[in-house]
Amino acid sequence: LKKLADSINKKVTRIEEALYQTKSKSGQDVLNYPIRLNDKISGLFDVASSGYNPPSSQVRAAYQQLSGEADKQLTALRQVMDNEVKAFNKLIHEKEVPVIGVKNKLH
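To start, this report covers the structure provided alongside it.

Cut-offs used in this document
Throughout, a residue's number is its position along its own chain's written sequence, starting from 1. A pLDDT threshold of at least 70 governs which residues receive local features in this predicted model, and a stricter bar of 80 or more applies before side-chain atom pairs are shown or counted, although totals over entire chains, interfaces and linings include all residues. Excluding hydrogens and water, the side-chain values take into account all heavy atoms of the structure. Salt bridges are defined by distance alone: a side-chain nitrogen of Lys or Arg within 4 Å of a carboxyl oxygen of Asp or Glu. Here a helix means four or more residues in a row that DSSP labels H or I, a strand means two or more in a row labelled E, and each is numbered from the N terminus. Think of it in three bands: residues with accessible area under 20% of the maximum for their type are buried, residues over 50% are exposed, and the middle band is partly exposed, with areas taken using a 1.4 Å probe on protein chains only.

**Some remarks on the pattern of salt bridges**
Alright, step 1. Summed over all chains, the structure comprises three salt bridges.
Alright, step 2. Across the pair Lys-2 and Asp-6 runs a salt bridge, and its minimum N-O distance is 2.9 Å. Of this pair, Lys-2 and Asp-6 both sit in helix H1 (residues 2-19), four residues apart, which is roughly one turn of the helix.
Alright, step 3. On the basis of relative accessibility, which here comes to 60%, the residue Lys-2 falls in the exposed class.
Alright, step 4. Given a relative accessible area of 32%, Asp-6 falls into the partly exposed group.
Alright, step 5. Lys-90 is the partner of Glu-94 in a salt bridge, and the nearest nitrogen-oxygen pair spans 3.9 Å. Placement of the pair is Glu-94 and Lys-90 together in helix H3 (residues 57-95), with a separation of four residues, close to one helical turn. One exposure class covers both Glu-94 and Lys-90, and it is exposed.

Read these as spatial facts, not as claims about activity.
Structure below.
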């Protein structure tokens, strides 16, 4: 169980860190840690929505690239959830591991 849980955790963490900068805690941290896909797409939205003109071909091309990268990460997450998490839950059920442990207090 521990090996499978660790493997799932590492994969989900890798996906999360590709999509979002988890180390950023303040507004100044963008200077210390690289931005991730969510920030890049957000910045692109700001450029595309400014002014009265339709988005430029460069904005559209950048969006295609960034949304494709985000889609790959979301597909990887779906695969982990659909396969490995289900297998993990099945193993927990088979081993009859309690979901929540209750510690009895004796007075």
